[in-house]
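Okay, here's what each chain looks like letter by letter:
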Amino acid sequence: AELSFLKTFYNDTNGGGWLKSEGWDLPYGPCSWAGVSCTGNYVTLLDLPNNNLSGTLPPNLGTSLPRLRYISLYNNAITGPIPPSIGSLPSLIYLYLHTNLLTGTIPPSLSSATSLQRIVLTSNRLTGSFPDQMYRLTALRWLHMDKNRLNGTISSSISNYLQLQQLWLSSNTFSGTIPETITQLTGLVELALQDNRFIGPLPASISNLSLLTKLYVYRNMLSGTLPSSLGLLSQITELYLYINAFEGTLPTTLNQLTKIINLDFSQNNLTGTIPEFDGFKVIRILNFHTNQLTGTIPASFSNMTSLNHLELGRNRLTGTLPRPYRPSLTLPT
């Protein structure tokens, strides 16, 4: 049955045009074919990325290869929907379908593949909302759904993903608030929510995400003040909050972010003065452009020896720029 299905899969995905297809023309032995691995004569891996696959995935993919553990079909031109039958794979760990032309919605049946640790659906044309049933996948480490056409809100049930390390939801049209329960994902290392329509504040308890290295929430409609707990994200290296409607002052606790490399708070409604950030020892990009900041430029900027991009324009600052940046940067009058 597996052999028969693989022949169908080959024909449905333009097998004649694949870049690697060794063995697929043989009437036997799929375990030695290009991109196929087996355990005990059952196919457990389908690994054909960057291979010029096109056409649609057979709807019976999940039921015909019941021992699959790894599906890796990224960087192809596969069209059509994600087969709901993938949800019937009890041993599936990795689902890599990114950078294809997949359409339709995320099938709720995927939630039945409870061994899933990585779902990567980046850069497709998927639509609709994120099914509530998907929050049952408590073994997830990576959830990448960025660069699609998804909408709806993020449920407070996101807290079920206690083992999650990477959450990429950027470049969709998600809306609503960022649920406070997201801060219960204490293993999170990367949180990418940029280019959506999120509103409301950053969760006050964001400091619970103590392993976070990258926080991207730029180009949304977030508002409120910046929580002082941002300064407790001790592992953060990239903090991008630009193009939102944040207001209030810059928390002095930010000075505790000693690993920060890129910080961009531009195009918000921030007020008050810029604190002395003498804790920024390795910072390269520092951008407060287009806010309502006042006061003098902090002397500590002169000690940021790694800084190579500083933007302070369109504020109400006074004083002089640190000497290394004088030739290329000027303050608005």
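Worth saying up front: this structure is predicted, and the values here are computed from it rather than measured.

**Focus on the sheet that holds strand 7 (residues 101–102)**
- Spatially, the three strands line up as an open sheet ordered 3-5-7, and their pairing is parallel. Edge positions in the sheet fall to strand 3 (54–56) and strand 7, since each has one partner strand and no second.
- Bridge analysis of strand 3 against strand 5 (residues 77–80) gives three bridges, and the strand direction is parallel. Residue Gly55 lies in a different strand from strand 5, and its bridge partner there is Ile78.

**Here's the deal with the environment of Leu254**
- Secondary-structure assignment places Leu254 in the loop between strand 19 (245–248) and strand 20 (262–264).
- For Leu254, a relative accessible area of 0% corresponds to the buried category.
- Residues Leu254 and Pro131, spaced 123 residues apart in sequence, show a C-alpha to C-alpha distance of 36 Å.
- Setting aside its immediate chain neighbours within four residues, Leu254 contacts Leu230, Gly231, Phe265, Phe277 and Phe280.

**As for the packing of aromatic side chains**
- As enumerated under the stated definition, the model contains 21 aromatic pairs in all.
- Among the aromatic side chains, those forming a connected cluster through ring pairs are Phe5, Phe9, Tyr10, Trp18, Trp24 and Trp33.
- Positioned above the aromatic ring of Tyr42, the side-chain terminus of Arg67 is 3.8 Å from the ring centre.
- A cation sits over an aromatic face here: Arg118 above Trp142, 3.8 Å from the ring centre.

**Points about the pairing of strand 17 (residues 221–225)**
- Inspection of the sheet shows strand 15 (residues 197–200) paired to strand 17 by two bridges, in the parallel sense. Looking at the pairing, Ile199 lines up with Met221 of strand 17.
- In the sheet, strand 17 pairs with strand 19 via three bridges, with the strands oriented parallel. Bridged to Thr225 within strand 19 is Glu247.

**Here's the deal with the nonpolar core**
- Of all hydrophobic cores here, the largest spans 92 residues; its most connected members are Trp24, Leu46, Tyr161 and Phe288.
- Of all the secondary structure elements, the ones that give two or more residues to this core are helix 1 (2–12) and strand 2 (42–47).
- Sort the elements by how many residues they give to this core and helix 1 lands first, with four residues.
- Setting aside its immediate chain neighbours within four residues, Tyr161 contacts Phe130, Met134, Tyr135, Leu137, Leu140, Leu143 and Leu185.
- The next biggest cluster of nonpolar side chains, apart from the first, holds five residues, and it includes Ala192, Tyr216, Tyr218 and Tyr242.

Basis of the calculations
Just so you know, the residues in each chain are numbered from 1, in the order the chain's sequence is written. Local features in this predicted model are restricted to residues of pLDDT 70 or higher, and side-chain atom pairs are both shown and tallied only at a pLDDT of 80 or more, whereas totals for entire chains, interfaces and linings draw on every residue. Excluded from the side-chain calculations are hydrogens and water; all other atoms, namely the structure's heavy atoms, are used. Should DSSP find at least two bridges between two strands, the strands are regarded as paired. For helices the rule is a DSSP run of H or I covering at least 4 residues; for strands it is a run of E covering at least 2, with both sets numbered from the N terminus onward. The rule is simple: take the accessible area with a 1.4 Å probe, protein chains only, and divide by the maximum for that residue type; under 20% is buried, over 50% is exposed, in between is partly exposed. Throughout, a contact is declared for two residues whenever any of their heavy atoms are within 4.5 Å. Any pair of Phe, Tyr and Trp rings, taking the six-membered ring for Trp, is counted once the centres come within 6.5 Å. Such a pair is stacked with planes under 30 degrees apart, edge-to-face with planes over 60 apart, and tilted for the rest. In this scheme, Lys NZ or Arg CZ marks a charge over a ring once it lies within 6 Å of the ring centre and within 35 degrees of the ring normal. Definition used in this section: a nonpolar core is a set of buried Ala, Val, Leu, Ile, Met, Phe, Trp, Tyr and Cys residues joined via side-chain atoms within 4.5 Å.

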